[in-house]
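# Structural overview for review
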Amino acid sequence: MRPISRTALGAATAAVLAVTAIAPSVAAPPDERDAERPLTGRAAPAGPEPVTLTLVTGDKVLVTTDASGASVATALPRPDGSTPLVQTRRSGRDLYVYPDTAVAALARGTVDEELFNVTGLIRQGYDDSRTHAVPLIATYTARTAPATPRGAERGQALDAIDGLALKADKEHTATFWSDITAPRSRAGSRLKKLWLDRKVQATLDKSTKQIGADRAWPRRSWAGARTPCSWSPPETSAPP
């Protein structure tokens, strides 16, 4: 992993209006329509609105779009007034932001990198304007999950993967992060990995044909089954 950049990013963005002067024609006098035209051009169309996102570490970033259409992240000051040191990485259209407090956990492989994919988190609706919690799945080295981390709400037990669903309150994510990543804490002592609980979209139109289910369903009329069984896929998935 590359060393953390020591450049502290500011927390201000501004919209730039492009104004173009329109010179009257010298070949002929302006017609009636030209006389009604303004002498200044229109303001350039505004880009996407800035989006504030709270990471699982408790750090906040402001995500904007530059003139080329690429996403740009600015680290916002912490409650104590300090600005976190961050490292960024691009992968295709995705922008990853790694705060300094996440470096050790990333190096150990105990945290899902998608928790720092700021553009991916926004696409899934996990920015601050649409949710007040970070949805997570914690897997453990033992079948019995330890104490619930501070700042989080305990969800469903996932016995098949020795895991537990959690929701970290964005108001207390810094406390949650400190508790679950401390090797000697009750919440983090047996942590195997912390995953983003990502949303998934079912593609039954493809999968059913691959296994021949679309041909099998009409044959279920025997034994009193007039219609095929229906199944609703879950909105979230367990980690791979």
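In what follows, the structure referred to is the one given above.
Note that the structure is a prediction, hence the values are computed from the model and not measured. (Residues numbered from 1 in each chain as written. Predicted model: local features only at pLDDT ≥ 70, side-chain atom pairs only at ≥ 80, totals over all residues. Heavy atoms only, no water.)

## Looking at the side chain of T110
Structurally, T110 is set in the loop between α2 (103–108) and α3 (118–123). Taking relative accessible area as the criterion, T110 reaches 17% and is therefore assigned buried. (Helix = DSSP H or I, 4+ residues; strand = E, 2+ residues; numbered from the N terminus. Buried < 20%, exposed > 50% of the residue type's maximum accessible area, 1.4 Å probe, protein only.)

## What about the nonpolar core?
With 37 residues, the main nonpolar core has L115, F116, L136, F176 and L194 as its most contacted residues. Each residue touching L136, except ones within four places of it in the same chain, is listed here: V56, L115, L164, A165, L166, A168, F176, L194, W195 and D197. (Core = buried A, V, L, I, M, F, W, Y, C linked by side-chain atoms within 4.5 Å. Contact = heavy atoms within 4.5 Å.)

## Here we look at the environment of G151
Assignment of secondary structure puts G151 in the loop between β6 (133–140) and β7 (152–158). Apart from residues no more than four positions distant in its own chain, G151 is found in contact with K167, A168, D169, H172 and F176.

## Topic: helix α4 (residues 173–180)
Working note: α-helix, 3.6 residues per turn, so residues spaced by three or four point in the same direction. Looking at α4, one finds that the buried residues are T173, F176, W177, D179 and I180. Summarising the axial view, the buried residues of α4 lie within an arc of 165 degrees, below the 170-degree limit, and thus occupy one face. Buried positions along α4 lie against β1 (51–54), α2, β6, β7, β8 (163–169) and β9 (191–196). (Arc of directions from axis to C-beta.)

Everything listed here is a matter of coordinates, which is why it stays silent on function.
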